[in-house]
Amino acid sequence: MAMTWVWTGMVVLSLIFGVFTGNLDAVANAALEGARSAIDLSVSMAGILCLWSGVMEVMNACGLSAGLARAFRPVLRRLLPNACRDEETLAAVSANVSANLLGLGNAATPLGIRAARRMARGCGGVASDELCLLVVLNTASIQLLPATIASVRAAAGCRTPFDILPAVWLASVLSVAAGLLAAKLLSRLGGRRP
């Protein structure tokens, strides 16, 4: 709801300043140009996202994503011991982490929601520390192959959309480390309250 007010305020202010400065035509042209650019970007990204979704389906069919999820299970059992007692929750969390690892945020979201719903059972409406940790892992996920970012860069005309890999790897490792550290620290501080 807050973003509705922000966007409405920006449009209204643009129109007011356009009227007072005599540049209302320029404001209208900028709005139409922005809408055209948004449609062009959306259509070009749709093809690339379909490609990567197809790659993910092929990986699912050949068992590569399941193998990747199995590889993360020992780490997840240490990070989320209570959630990993249930095999279905562990499978959802593992699939979510592996989809995030491949940079497929659109595919990872439903898996993360399923895992969060399973983890939220029995919490009494209050998020557990492990559920908060799952949100941190989703938000600051390590990405080996940032498919979504690469598709945006390719749609914008970049000739080498994957040349950002070292920066993405470094940034994602640092963000996950900082997120895990903050979550663990806040979990311990929250446990000391009366």
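Structural data are supplied above this passage.
Calculation criteria
- Residues numbered from 1 in each chain as written.
- Predicted model: local features only at pLDDT ≥ 70, side-chain atom pairs only at ≥ 80, totals over all residues.
- Heavy atoms only, no water.
- Helix = DSSP H or I, 4+ residues; strand = E, 2+ residues; numbered from the N terminus.
- Rg over C-alpha atoms; globule rule 2.2 N^0.38 Å.
- Buried < 20%, exposed > 50% of the residue type's maximum accessible area, 1.4 Å probe, protein only.
- Expected span 1.5 Å × (residues − 1).
- Contact = heavy atoms within 4.5 Å.
- Salt bridge = Lys/Arg side-chain N within 4 Å of Asp/Glu carboxyl O.

1. Quick notes on the overall build of the protein chain
Per the secondary structure count, the protein chain includes eight helices and zero strands. Beginning at the N terminus, the succession of helices and strands in the protein chain can be written as α-α-α-α-α-α-α-α. A compact globule built from 194 residues would reach a C-alpha radius of gyration of about 16 Å, whereas the protein chain, at 21 Å, exceeds it by more than 25%. Principal-axis analysis of the C-alpha atoms places the extent of the protein chain at approximately 65 × 50 × 30 Å. A total of 194 residues make up the protein chain; the buried ones form 28% of that total.

2. Focus: helix α4 (residues 87–101)
Each α-helix winds once per 3.6 residues, and so residues spaced three or four apart point in a common direction. Taking 1.5 Å as the rise per residue, α4 with 15 residues should run 21 Å; its terminal C-alpha atoms sit 21 Å apart, in good agreement. Taken as a whole, α4 has its buried residues at T89, L90, A92, V93, S94, A95, N96, V97, S98, A99, N100 and L101.

3. Here we look at the environment of L24
Position of L24 among the secondary structure elements: in helix α2 (residues 24–62). Each C-alpha atom, one on L24 and one on S14, is 8.6 Å from the other, the two residues being ten residues apart in sequence. Once residues lying within four places of it in the same chain are set aside, the contact partners of L24 are L15, G18 and V19.

4. Regarding the pattern of salt bridges
Scanning all chains against the criterion turns up three salt bridges. In this structure, the salt-bridge partner of R36 is D40, at a minimum N-O distance of 2.7 Å. Taken together, the positions of R36 and D40, both in helix α2 and four residues apart, correspond to about one turn of that helix. Judged by relative accessible area, R36 falls into the partly exposed class, the value being 44%. D40 sits in the partly exposed class, given a relative accessible area of 41%. Between D163 and R153 there is a salt bridge; the shortest N-O distance is 2.6 Å. A residue pair is termed long-range when its members are at least 10 positions apart, and D163 in the loop between α7 (147–155) and α8 (165–191) and R153 in helix α7 qualify at ten residues. On the basis of relative accessibility, which here comes to 23%, the residue R153 falls in the partly exposed class.

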